[in-house]
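The residues making up each chain are set out below.
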Amino acid sequence: NYSPFQRMAVEFFEDSRGLGEKDASIALGVIALGAGALGNTLSGFIGDRLSKRYKGVYATMAGISYLVGWPCLLVGFLAHSRWVFLPALTLGAFCIFLCMPAVNTQIANVTHPSRRAMAWAMAVFVLHLLGDTLTPPIFGWVLEFTSRQTAFVLFSTALIPAGICCLLAARTTARDMERAAEGAPQQH
């Protein structure tokens with residue numbers, strides 16, 4: 001059994017890249033496991049090292065990763081050679097996995113400890129509302145009008161505003177951290 005996102009990815013590999021279901025499942029698993037383990041690990045390592053010098057490093061790292069990940073995914077969605085699309089999608093996934101711990105740490109850094117659980121709960125709620133709940137039916141609707149490849153290309157463009165938002169958040173991180181330490185409500 002696949003989740004809706006796993007099913008979409010496996011079907012992309014099958015329909016758009018000619019892989020069999022077994023090869024498509026293995027490719028997706030290797031991409032997710034390799035990129036996930038490395039991205040999550042390096043996010044903490046890099047962020048923790050650079051945070052001593054730059055307060056907005058976590059948001060900056062997430063913003064840059066989203067913006068670097070997008071063209072990698074674009075190449076992966078458009079290329080037809082396995083030697084191109086598999087590494088490109090893996091690198092794109094690595095960038096996305098690099099973002100998640102950075103975003104969570106950014107939330108913790110700019111939120112007063114008494115409000116941190118609520119901030120994370122809101123982030124998880126929005127992530128699942130927009131991602132798990134709304135995206136699959138919208139993706140299916142888009143598929144009625146276009147190819148799976150085009151749908152993935154269109155949906156991947158969401159990384160651009162995500163990256164820009166993170167870079168904008170980095171600009172106010174030092175001030176937001178001071179307010180969080182004082183217990184003052186965040187105003188933007």
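Because the structure is a prediction, the values reported are computed rather than measured.

Colleague: How do you make sense of helix α2 (residues 21-50) when you look at a structure like this?
Modeller: In an α-helix, one turn spans 3.6 residues; hence positions three or four apart end up facing the same way. End to end, α2 covers 42 Å across 30 residues, agreeing with the expected 44 Å (1.5 Å per residue, within 8%). Listed in full, the buried residues belonging to α2 are Ala-24, Ala-27, Ile-31, Ala-35, Gly-36, Gly-39, Ser-43 and Gly-47. Looking at the buried positions of α2, the neighbouring elements they touch are α1 (4-16), α3 (57-78) and α4 (82-109).

Colleague: Please clarify how the environment of Ala-170 should be interpreted in this entry.
Modeller: By the secondary structure assignment, Ala-170 is in helix α7 (residues 159-171). Taking relative accessible area as the criterion, Ala-170 reaches 8% and is therefore assigned buried. Ala-170 has contacts with Tyr-54, Gly-56, Ala-59 and Thr-60, leaving out every residue within four places of it along the chain.

Colleague: How should I be thinking about the packing of α2 against α4 in this particular structure?
Modeller: In a pair of packed helices, the angle between the axes and the distance between the axes together describe the arrangement. Close contact between α2 and α4 brings their axes to 7 Å; oriented N to C, the two are set at 40 degrees. Accordingly, the angle class assigned to the pair α2 and α4 is oblique. Along this stretch, α2 crosses α4, giving a crossing that reads as right-handed. On α4, the residues touching Ala-27, Ile-31, Ala-32, Ala-35, Gly-36, Leu-38, Gly-39, Asn-40, Leu-42 and Ser-43 of α2 are Leu-86, Leu-89, Thr-90, Ala-93, Phe-94, Phe-97, Leu-98, Pro-101 and Ala-102. Considered class by class, the residues forming the contact of α2 with α4 number 14 nonpolar, five polar and no charged.

Colleague: What am I meant to see in the nonpolar core here?
Modeller: Across soluble globular proteins, you tend to see nonpolar side chains buried next to one another. By size, the foremost hydrophobic cluster in this structure holds 32 residues, and its most contacted members are Phe-12, Phe-13, Ala-62, Tyr-66, Phe-77, Leu-89 and Phe-152. Taken together, the elements giving at least two residues each to this core come down to α1, α2, α3, α4, α5 (116-143), α6 (148-156) and α7. Counting residues per element, this core draws most heavily on α4, which supplies eight residues. Sequence-distant contacts of Phe-13, that is, excluding residues within four places in its chain, are made with Gly-18, Leu-19, Ala-24, Ala-27, Leu-28, Ile-31, Phe-85, Leu-86 and Leu-89.

Colleague: When you look at the side chain of Ser-156 in this model, what are you seeing that I'm missing?
Modeller: Counting through the fold element by element, Ser-156 comes out in helix α6. Accessibility expressed as a relative area gives 5% for Ser-156, which makes it buried. For Ser-156, the side chain forms a polar contact with the side chain of Trp-70, separated by 3.2 Å. Those residues in contact with Ser-156 that lie beyond four places of it in its chain are Trp-70 and Phe-77.

Colleague: I'm lost on the side chain of Arg-17 in this one. Help?
Modeller: Positionally, Arg-17 belongs in the loop between α1 and α2. One polar contact links Arg-17 to Gln-149, side chain to side chain, over a distance of 3.2 Å. Not counting chain neighbours up to four residues away, the residues in contact with Arg-17 comprise Phe-12, Gly-76, Phe-77, Leu-78, Ala-79, His-80, Phe-85 and Gln-149.

Colleague: Please explain the packing of aromatic side chains as it appears in this structure.
Modeller: Ring pairs (aromatic) are described by centroid distance and by the angle formed between their planes. Under the criterion given, the structure shown has eight aromatic pairs. By the ring-pair criterion, three or more aromatic residues cluster together here, those being Phe-12, Phe-13, Phe-77, Phe-85, Phe-139, Phe-152 and Phe-155. The cationic tip of Arg-17 hangs over the ring face of Phe-85; the distance from NZ or CZ to the ring centre is 5.5 Å.

The rules we used
- Residues numbered from 1 in each chain as written.
- Predicted model: local features only at pLDDT ≥ 70, side-chain atom pairs only at ≥ 80, totals over all residues.
- Heavy atoms only, no water.
- Helix = DSSP H or I, 4+ residues; strand = E, 2+ residues; numbered from the N terminus.
- Expected span 1.5 Å × (residues − 1).
- Buried < 20%, exposed > 50% of the residue type's maximum accessible area, 1.4 Å probe, protein only.
- Contact = heavy atoms within 4.5 Å.
- Axes fitted to C-alpha atoms, helices over the stretch in contact; angles between N-to-C directions.
- Parallel < 35°, antiparallel > 145°, perpendicular 65-115°, else oblique.
- Left-handed = near helix turned anticlockwise from the far one by under 90°.
- Nonpolar A, V, L, I, M, F, W, Y, C, P; charged D, E, K, R; others polar.
- Core = buried A, V, L, I, M, F, W, Y, C linked by side-chain atoms within 4.5 Å.
- Polar contact = N/O pair within 3.5 Å; in protein donor to acceptor, adjacent residues only side chain to side chain.
- Phe/Tyr/Trp six-rings, centres within 6.5 Å; stacked < 30°, edge-to-face > 60°.
- Lys NZ or Arg CZ within 6 Å of the ring centre and 35° of its normal.

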